[in-house]
Amino acid sequence: MTTTDPIPNINIGQVYDKRYADAEVHYDALGRMADFFGRNMPAHRHVRFFQVHYVKSGMVRVYLDEHQYHQRAPLFFLTPPTVTHAFVTDADADGHVLTVQQQLVWSLLEESGDLGDVSDIAPLCVAASQLPAPQAPAMAGLDRLFDQLRGEIHGPRPGQPQAVRALAQLIFIDLFRLARNRVTPQPVRHEDLSLFQRFQMLIEDHYPHHWTLTRYADELGVTENRLNEICRRTAGKSSKRLVFDRLMQEARRLLIFTTASINEIGYQLGFNDPAYFSRFFTREAGMTPGRYRADKRAP
């Protein structure tokens, strides 16, 4: 992840799963990636990569550039390279995330000749609830393709790279076929979205310091009430909930992906009292940190 650009570029193969650092295709379950990146994903982009989120359950708020979508699954949204996007998913939302090098998609479009033009690919969202009846089987077929891809990724077998590439291309063929049924975006106030994104960037920099909401609001030049209103309108969550969610996201990530002790994790997250961290986590997650770690690491 780079820090010189105000909108971070995230390379999945380097930041999240180094096994796929040079891979043409990367796949993982939405729930597993949410354990790492969080349910409230701040504005970011993927330079030189297309990304597709296929959401099978739950509600999602999606921002593709300055277009807003608030939809119930099943749905998918497509983000072309360099397009800024952000999203908030329900705690029970799950599905698939497919990230592919842009050349794979460009080659597909050039070879087909009738799926569209490289220069015309735009971010889009398609929801099953808004599809005409004849298109419903296409969404079901997309669901099956993602299930096949998941099985292929997680089970080494002869011809696996070729199968993964072929399935990724089949998925994109279905996406482009369904693109004409894209959801019309909802209006969003540019100043609200801009301030919300600035708030997310401040949270990213200061959540371990346990800033008060007053300090966040002062830094942004607004009142606490104004900040809270914008957060509820933009993300469907209070400003306090967004700060707590970021703390919990990092706590979950450290419990799952590191061997640090629970006390060490508490200190790392700015809790001077390990017992307070345990109480905070238990209240938010409904289970102790130790139980959460054991459940997530169980085979």
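- By the naming in an unreviewed UniProt entry, the protein chain is 4-hydroxyphenylacetate catabolism regulatory protein HpaA, taken from Alloalcanivorax balearicus MACL04.

**Side note on the side chain of Thr99**
Point 1. Along the chain, the position of Thr99 falls in strand S8 (residues 94–101).
Point 2. A polar contact of 2.8 Å, which involves the side chain of Thr99, links it to the side chain of Gln51.
Point 3. Not counting the four nearest positions on each side in its chain, Thr99 is found in contact with Ile12, Glu24, Val25, His26, Phe49, Phe50 and Gln51.

**Some thoughts on the packing of helix H2 (residues 30–37) against helix H9 (residues 239–257)**
Point 1. Across the interface, H2 lies against H9 with an axial gap of 7 Å and an inter-helix angle of 110°. The pairing of H2 with H9 is recorded here as roughly perpendicular in orientation. Here Arg32, Asp35, Phe36 and Phe37 of H2 come into contact with H9, specifically with Gln249, Arg252, Arg253, Ile256 and Phe257.

**Some details on the sheet that holds S8**
Point 1. An order of S1-S8-S3-S6-S9 is seen for the 5 strands of this open sheet, with the pairing classed as antiparallel. A single partner strand is all that each edge strand has here, and the edge strands are strand S1 (25–29) and strand S9 (124–127). Across the sheet, the mean angle from the axis of one strand to that of its neighbour is 10°, orientation sign disregarded.
Point 2. Pairing geometry for strand S3 (residues 49–57) and S8, over 8 bridges, is antiparallel. From the neighbouring strand, Phe49 faces S8, where its bridge partner is Gln101.
Point 3. Lying on the sheet, helix H4 (residues 136–153) is in contact with S1, S3, strand S6 (75–79), S8 and S9; it crosses S3 at an angle near 110°.

**Side note on the nonpolar core**
Point 1. If you look at the biggest cluster of nonpolar residues, it comprises 34 residues, and the most contacted ones within it are Phe76, Leu98, Val105, Leu142 and Phe172.
Point 2. Secondary structure elements with two or more residues in this core: S1, S3, S6, S8, helix H3 (102–112), S9, H4 and helix H5 (160–178).
Point 3. In terms of residue count, H5 provides more of this core than any other element does, 9 residues in total.
Point 4. Counting 32 residues, the second largest nonpolar core, distinct from the first, contains Ala251, Ile256, Ala260 and Phe280.

So, how was this worked out
Residues numbered from 1 in each chain as written. Predicted model: local features only at pLDDT ≥ 70, side-chain atom pairs only at ≥ 80, totals over all residues. Heavy atoms only, no water. Helix = DSSP H or I, 4+ residues; strand = E, 2+ residues; numbered from the N terminus. Polar contact = N/O pair within 3.5 Å; in protein donor to acceptor, adjacent residues only side chain to side chain. Contact = heavy atoms within 4.5 Å. Axes fitted to C-alpha atoms, helices over the stretch in contact; angles between N-to-C directions. Parallel < 35°, antiparallel > 145°, perpendicular 65-115°, else oblique. Pairing = 2+ DSSP bridges. Core = buried A, V, L, I, M, F, W, Y, C linked by side-chain atoms within 4.5 Å. Buried < 20%, exposed > 50% of the residue type's maximum accessible area, 1.4 Å probe, protein only.

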